There are 2 protein chains.
Amino acid sequence: MAQTDQLADAGHPLDHFFKPRSIAVIGASPDTTKIRGQLQSMLAKNGYAGRLYPINPSYQEIAGVRCYASVAAIGEPVDLALIAIPAAGVVAALEDCAVAGVRHAVIITSGFAEEGGAAAEAQAEIAALARRTGLRVSGPNAQGFHNEPGHVAATFSPTVDVKPDRQPIDLGARRVGIVSQSGGLGFAFYNHGKAWGLNFSCVVSSGNEADLGAGDFFDYMVEDPATDVILLFLEGVRDTATFVAAAAKAAAAGKPVIVCKVGRSGAGERATASHTANMSGWDAAYGAVFARYGFIQAADPDEAIAIAAALTTAPLAGGQRAGIVTVSGGGGAWVADTLAANGLEVPELSQEFQAAIRPLIPSYGAAGNPIDVTAQGVHTGGLQASVDRLVESDEVDLVVLVNSLSSEHRIAFDVEAMGKLARSQRKPILVYSYTLPSDFARRRIAEAGLPVFANLTNLGIAARRLAERGAYTPPRPAAPAAIAPAAARLLADLGPALSEVDAKRVLGACAVPMARERLVASAEGLDEAMAAVGFPLVLKVQSPQIQHKSEVGGVRLAIADAVAGRAAYRALLADVAAQRPDAVLQGVLVSPMAAKGVEIIVGTLVDRTFGPMVTVGFGGVTTELFKDLACRPAPVTPEEAASMLAELKAAPLLEGFRGAPLADTDALCTLVAQVSTIAAALKDEVAEIELNPVLVHPAGQGLTIADALIVRSAPARPPA
Amino acid sequence: MAQTDQLADAGHPLDHFFKPRSIAVIGASPDTTKIRGQLQSMLAKNGYAGRLYPINPSYQEIAGVRCYASVAAIGEPVDLALIAIPAAGVVAALEDCAVAGVRHAVIITSGFAEEGGAAAEAQAEIAALARRTGLRVSGPNAQGFHNEPGHVAATFSPTVDVKPDRQPIDLGARRVGIVSQSGGLGFAFYNHGKAWGLNFSCVVSSGNEADLGAGDFFDYMVEDPATDVILLFLEGVRDTATFVAAAAKAAAAGKPVIVCKVGRSGAGERATASHTANMSGWDAAYGAVFARYGFIQAADPDEAIAIAAALTTAPLAGGQRAGIVTVSGGGGAWVADTLAANGLEVPELSQEFQAAIRPLIPSYGAAGNPIDVTAQGVHTGGLQASVDRLVESDEVDLVVLVNSLSSEHRIAFDVEAMGKLARSQRKPILVYSYTLPSDFARRRIAEAGLPVFANLTNLGIAARRLAERGAYTPPRPAAPAAIAPAAARLLADLGPALSEVDAKRVLGACAVPMARERLVASAEGLDEAMAAVGFPLVLKVQSPQIQHKSEVGGVRLAIADAVAGRAAYRALLADVAAQRPDAVLQGVLVSPMAAKGVEIIVGTLVDRTFGPMVTVGFGGVTTELFKDLACRPAPVTPEEAASMLAELKAAPLLEGFRGAPLADTDALCTLVAQVSTIAAALKDEVAEIELNPVLVHPAGQGLTIADALIVRSAPARPPA
């Protein structure tokens, strides 16, 4: 049973929200088939130890607790009001709360912004009331929260209902905090987690977020000492700045965050003209934020909870080498394949190692890795000895024990010894059962502090995440450098559309390295420009109205000498005049033919949620057909740019692929960082930058930006 | 209880194996803690209704059944002997069985080929005995089988143990047959499946396969009228011809096959010189066979069983459009994302459709798809009406119902109505619970014939497989055309290594279209050859000893005229002489510069398990970094070659990517088919063919084979 002093206040503004010393249930009812009746009953059943005030003018008492006609009638300060009355009365009830000095409210009632129209206006009223009065409001359309160690079940979710006839499984592990933008899903995670025996701090559903948002609750979980791992279910972040600041704090504090993001498919995609924007889409911005802060993405509730089970019971892995101990050859092979598919290694163990365990396993077993101790090996001590030695050895970084745990009365290994080894936190030990684990086995093994993985795919993913998170360090923040006044002035002077040469001037003014190029406005200047640039060279027409120069005959490549150049110049102008007589030309850009290099696309865009983003990928099919792009919030440092490159499947192209020289990745990382800083500084003026292609030359020889595009922000953008 | 007449014989040679009228348990024991004691007890507990003969000279009776000193002492014909005595006595026991006219034996005993040495020789003796006597033997090292409808539990697996206190869940669905090369995993599938309420025909573990192999058992399941869906767990097929023939029969009969293949990672990979061989590796041959016969691959036991649950309860999907009905917005969005990630569509429903259901769901719900009926919509009839209409409509091909089924006493929809709709088999209806379904809900819904999916990833995969399998038709077999005698003679006359020109001659003799090229053996013939070929042209040195011509200066490209050609010829020979003075030159190949085209690699190799294979992919990074290759057993028809191209992620490159013309895929498919037929016909002489690159020109303009390689089989190949 909770003690009232556990519901004490501390530093965070939401402390009295999650640990209220007093709760008013507005709309309380003795009818526990109704949501408003369930709120009080859930609080009581889960052992809420603070002061509870049912509010309903129709009753004197409910379930033995004195009932009040209004919040004002309580006459004492209230930390939290739970509101479950029809939508029409909600705003008035909140006014009452504000007047009575209630600190926080959760509006359970539905039918606000999700309906549109007048109902959406009512939600706007709630938001305004919160700002005006200082009453912090969660919801409407929220399912409330459950503070498990504090025994505050401020929700009607049936998943927190207490079943007195059933002793819950308890891993006694570190605690998970859940922030969910869907009440159903938030408590579904809780429900899945309890079946594993996970421990939770708070589970909170943020509903329509009229006032308090997912970012606020996330921030609380990051600061909350009772929360060790955070699980987020997101539909779309609204309080972006708070959210991102909390993410940075979590990363700095080393508190792991698991995230499930929905709404990736379908209508949410942008329709913009440039390639990178189309291909990355708005979902990439979430991925970029998650990547920067080391969030662990999960594809379904089971996977999220499997990862949480690993993170709350095991240490992070110091590397990606796995040792497998199995009682079934087939099971061991399947686990090995699954780990390999997750990027882990299953190295053959040393001869010394194998010699040490060989005598303990039957002759038809195997000692190489997987170590197949066979069904007999559990009797000969081979199983425990193998796990012990793997934990001791420096040959692997994590251990998977493969077993059949379907029996209701027998477990084929020493659970106490295994649990003790696991609790030493020296290396992750993950237990997988290829048969469905019995309740008996789950319980017994959980009591020793070890979760049982019953889904092989999720075992593989959990192992991978322990290794990935073990290797994660938060990137150093990039300095938000101011843009040279020259660049800003240039931009201010240019029209709504920018040509290549305009874009290159702006970038050049920001110290981005540009090739020696000359703009020739008339035939007279051509010879001098060609001489200055040198042969072979390229001619490209320049006009803000012509975005696709090749398509109108506006590009001439590989010009070897002045004679050819003059002819090409005339032919180019004739072609362009024929095809785009409307276009106002700035002239023809004379550029050197770029030396060979690895083709790269560097792009930026402004995401409607998270702001400026920078993207890097290889050109052509790798980007368009294989979606091989890396994205981060802008700005990035060159080091973070390097981690972006490492993420690309085609990264070997930069690393001396098929005998090619190593590419100048230093120059490329510097460029990505520079461009990201420009995008961040000009986020209100510039919608997109695209450098395509960038030719990255061999190490030490820099790169060439062969083409550049800057798209200005639309002057009157509709709000997101 | 089974009737003896259900254990009758029919047409298949293994009918008396799986439906034995009599069983001898050799090594029977009253000690049911031992495997040999469990065999008799499992048979009895599961209601075996045939004649049972324990064999053990130490007992008069075991568990009330008369015990015999030997098989010979029975004096009656025996259909099946289960052998669980120490390895040393197994061969003698088999001899006794053969003499006594026993038809089949399962050797449970371990310690044979898996140990190597003398134990492996004992296994060879078993195989020889089976061949000599006609006694068909399964194992050794097998876990036996379980014939569920026939009540023959010829195994010691605890997963078939009968628990009288627990009524099993029963979907009353079509039956799954399991063939497993791992006993532990085979019965683990059974164990997982029973938790869903799946029905099985036979589960069989094939052990070391001294005689009967996975292919034999697979063939039985294909022919068995009681088996509707087949689940295979494979480590490595040994009886390849039987296996492939059974696969073809299953495909022709439309009997779905789910396959789990382990041993994909690690040491099993080939080390060969050419690219396709390296990149596809031996695992690709399994994938090729699976693809041809429409096998459904599964990554873990849960996934396999989820797919089996869908296949045994739902019809195949007639398309890939999904309708979603949900009580939770977040849950519906997540399901939509998951289906989209699996290649399904979640189309917006027509205005007519939405107008029809709108009145039945709360205003804060949604009718577009997902249809969010909200928690309230279950009371207003919106849930059932939405599912009804989706099943009726031609706007979707399958329906997913998203619900929370954790309650132990309440289900938020009409289970009977939903079950009736599902049993009509008009469209797949898949029920997903985002909370852990209660035993109550699982049972109630299973009784109505509907499985409950509790894992979102597997729900998505099951839906995808229903759509994919619905679209599958078995390919027409390619004719195994004989190779022109000229090609065979050419090959016979050539040395151990072939140059490009040698390879092209062989292929040309097989009617593969070749460019007009000339081999020039001395400077005298050069001018005439160049004139015949036409400019621009290419010179390439030819020598069986030079595989990488460019690396020794042996290639000159884009030669514009005869003067340049003569100079290039001299320079080429000088470079090659300097770098490879040892090489015996055949001459210099004069080829036209190929017109532009999409670069393709076509290759073949001979897989040690499945024989000749043909591979097609795009060149460069798509093949090497993105593993974008398609593989099939050779030969293929041009139609099957087209299905290979459709499998490639980079397929849009052939389909007018970014404004390029459509490529001549007809010519490419014909080439792939031709090369595959050559590889099949010459499988004993030719280890690999590689055409790299093939330039596929615009539609109607054919293709150019720019380079070709044929690698002969090693003369003395070690057996696989």
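Worth saying up front: this structure is predicted, and the values here are computed from it rather than measured.

Quick word on the overall build of chain A
Within chain A, the regular secondary structure consists of 24 helices and 29 strands. Taking the principal axes of the C-alpha coordinates as reference, chain A spans close to 100 × 80 × 35 Å. Here chain A holds 720 residues, and the buried ones make up 58% of them. The contacts of chain A with a sequence gap of at least 6 include a subset with a gap of at least 24, amounting to 72%. Put simply, chain A shows about 27100 Å² of open surface, and 53% of that area lies on carbon and sulfur atoms. Treating the 58 positive side-chain charges of chain A as one cloud and the 73 negative ones as another, the clouds have centres 1 Å apart.

Some details on the packing of aromatic side chains
All names here are of chain A. All told, the structure shown has 39 aromatic pairs over all chains when counted by the stated rule. Between F17 and F217, the aromatic rings sit 5.4 Å apart at their centres with planes inclined by 40°, giving tilted as the arrangement. Pair noted here: F17 is in helix α1 (residues 15–18) and F217 is in helix α6 (residues 214–223), with a separation of 200 residues, a long-range link. No difference in accessibility class separates F17 from F217, as the two residues are buried. When the ring of F18 is compared with that of F145, the centres are 5.1 Å apart and the planes differ by 70°; the resulting orientation is edge-to-face. Note that F18 is positioned in helix α1 and F145 in strand β8 (residues 145–147), a separation of 127 residues in sequence.

Overview of the sheet that holds strand β20 (residues 518–520) of chain B
All names here are of chain B. Read from one edge to the other, the open sheet built from four strands follows the order β20-β23-β21-β22, with strand pairing classed as antiparallel. Of all strands in the sheet, those with a lone pairing partner are β20 and β22 (555–559), marking the two edges. Each neighbouring strand pair of the sheet contributes to a mean axis angle of 25°, computed without reference to strand direction. Inspection of the sheet shows strand β21 (residues 537–542) paired to β22 by three bridges, in the antiparallel sense.

Side note on helix α9 (residues 283–292) of chain A
For α9 of chain A, a buried count of eight out of ten residues is recorded, marking the element as mostly surrounded by other parts of the structure. One or two residues past the end of α9 of chain A sits G294 of chain A, with phi positive at roughly 70°.

A look at the environment of G603 of chain A
Along the polypeptide, G603 of chain A turns up in strand β24 (residues 598–607). Between the alpha carbons of G603 of chain A and E688 of chain A there is a distance of 7.1 Å; along the sequence they are 85 residues apart.

Observations regarding the interface of chain B and chain A
If you look at the interface, chain B gives 62 residues, while chain A gives 62 residues. Roughly 4800 Å² is buried in total at the junction of chain B and chain A, and carbon and sulfur atoms are behind 62% of that figure. If you sort the residues of chain B by the area they bury against chain A, W334, L625 and F626 of chain B come out on top, with a joint share of 15%. Between the two partners, chain B and chain A, sit four salt bridges. Between R166 of chain A and E408 of chain B there is a salt bridge whose closest N-O contact spans 3.3 Å. At the boundary of chain B and chain A, one finds 16 residue pairs in polar contact (both at pLDDT 80 or more).

Some remarks on helix α17 (residues 456–471) of chain A
Residues that lie three or four places apart on an α-helix share one face, since the helix turns once every 3.6 residues. Residue and element names in this part refer to chain A. With 16 residues, α17 should cover 22 Å at 1.5 Å per step; its first-to-last C-alpha distance of 23 Å lies within 8% of that length. Turning to α17, its buried residues number three or more, namely L456, N458, L459, G460, I461, A462, A463, R465, L466, A467 and R469. The N-capping residue of α17, defined by a side-chain oxygen 3.1 Å from the backbone nitrogen of T457, is N455.

A few points about the relation of the copies chain B and chain A
Take chain B, turn it by 180°, move it 0.0 Å along the axis, and it overlays chain A with an RMSD of 0.1 Å. As the rotation angle and translation indicate, the two copies are arranged about a two-fold axis. The share of interface residues of chain B whose copies in chain A are also at the interface is 100%, consistent with both copies meeting through the same surface.

Some remarks on the side chain of S676 of chain A
Residue and element names in this part refer to chain A. Here S676 shows up in helix α24 (residues 665–681). Among the polar contacts listed, one links the side chain of S676 to the backbone oxygen of A673, at a separation of 2.7 Å. Aside from chain neighbours lying at most four places away, what touches S676 is V614, A634, P635 and V636.

Describing the nonpolar core
F189 and F413 of chain A together with F189 and F413 of chain B are the most contacted members of the largest nonpolar core, which has 178 residues in total. Ignoring any residue separated from it by four or fewer positions in sequence, one finds F413 of chain A in contact with L383, L401, N403, L405, M418, V431 and I445 of chain A.

Some remarks on the domain arrangement of chain A
Taken as a whole, chain A is organised into domain 1 (1–144), domain 2 (163–313), domain 3 (315–471), domain 4 (516–592) and domain 5 (598–712). Computed over C-alpha atoms only, the centres of domain 2 of chain A and domain 5 of chain A are separated by 29 Å.

Here we look at the packing of helix α14 (residues 382–392) of chain A against helix α15 (residues 415–423) of chain A
Residues and elements named next belong to chain A. Where α14 contacts α15, the two axes come as close as 11 Å, and the packing angle between them is 5°. By the angle between their axes, α14 is roughly parallel relative to α15. Across the interface between the two elements, L383, Q384, V387, D388 and V391 from α14 touch A417, M418 and L421 from α15. Tallied by class, residues from the contact of α14 with α15 come to six nonpolar, one polar and one charged.

Focus: the sheet that holds strand β11 (residues 199–205) of chain A
All names here are of chain A. Strand order across the open sheet formed by seven strands is β9-β8-β11-β10-β12-β13-β14, with mixed pairing between neighbours. Each of the sheet's edge strands pairs with one partner strand only, and the pair in question is β9 (152–154) and β14 (296–297). Pairing geometry for β8 and β9, over three bridges, is antiparallel. By the bridge assignment for β9, H146 is matched with A153. Most of the contacts of helix α10 (residues 301–313) go to strand β13 (residues 257–261), to which it runs at about 175°, and overall it touches β10 (175–180), β12 (229–234), β13 and β14.

Things to note about the pairing of strand β6 (residues 104–107) of chain B
Residue and element names in this part refer to chain B. The two faces of β6 match: H104 and V106 on one face and A105 and I107 on the other face are all buried. Taken together, strand β5 (residues 80–83), helix α3 (residues 90–99) and β6 constitute a β-α-β crossover, and its handedness is right-handed. As paired elements, β6 and strand β7 (residues 136–138) share three bridges and run parallel to each other. Bridge pairing in β7 links H104 to R136.

Here's the deal with the environment of T435 of chain B
Tracing the chain through its elements places T435 of chain B in the loop between β18 (429–433) and α16 (439–447). Under the relative-accessibility criterion, T435 of chain B is labelled buried at 1%. Distance in space between the C-alpha atoms of T435 of chain B and F657 of chain B is 44 Å, their sequence separation being 222 residues. Residues within four places of T435 of chain B in sequence aside, it is in contact with T159, A188, N191 and H192 of chain A together with S404, L405 and S406 of chain B. Only 2.7 Å separates the side chain of T435 of chain B from the side chain of S404 of chain B, close enough to count as a polar contact. Among the polar contacts made by the side chain of T435 of chain B, one reaches the main-chain amide nitrogen of S406 of chain B at a distance of 3.5 Å.

Analysis parameters
Residues numbered from 1 in each chain as written. Chains lettered and ligands numbered in written order. Predicted model: local features only at pLDDT ≥ 70, side-chain atom pairs only at ≥ 80, totals over all residues. Heavy atoms only, no water. Helix = DSSP H or I, 4+ residues; strand = E, 2+ residues; numbered from the N terminus. Buried < 20%, exposed > 50% of the residue type's maximum accessible area, 1.4 Å probe, protein only. Contact = heavy atoms within 4.5 Å. Areas by Shrake-Rupley, 256 points an atom, 1.4 Å probe, with all protein chains shown as cover. Lys, Arg positive; Asp, Glu negative; His and termini not counted. Charge placed at Lys NZ, Arg CZ, Asp CG, Glu CD. Phe/Tyr/Trp six-rings, centres within 6.5 Å; stacked < 30°, edge-to-face > 60°. Pairing = 2+ DSSP bridges. Axes fitted to C-alpha atoms, helices over the stretch in contact; angles between N-to-C directions. Buried area = accessible area lost by both parts, 1.4 Å probe. Salt bridge = Lys/Arg side-chain N within 4 Å of Asp/Glu carboxyl O. Polar contact = N/O pair within 3.5 Å; in protein donor to acceptor, adjacent residues only side chain to side chain. Expected span 1.5 Å × (residues − 1). Least-squares fit on C-alpha atoms with pLDDT ≥ 70 in both. Core = buried A, V, L, I, M, F, W, Y, C linked by side-chain atoms within 4.5 Å. Domains from an automatic or database assignment. Parallel < 35°, antiparallel > 145°, perpendicular 65-115°, else oblique. Nonpolar A, V, L, I, M, F, W, Y, C, P; charged D, E, K, R; others polar. Right-handed = clockwise from strand over helix to strand, strands pointing away.

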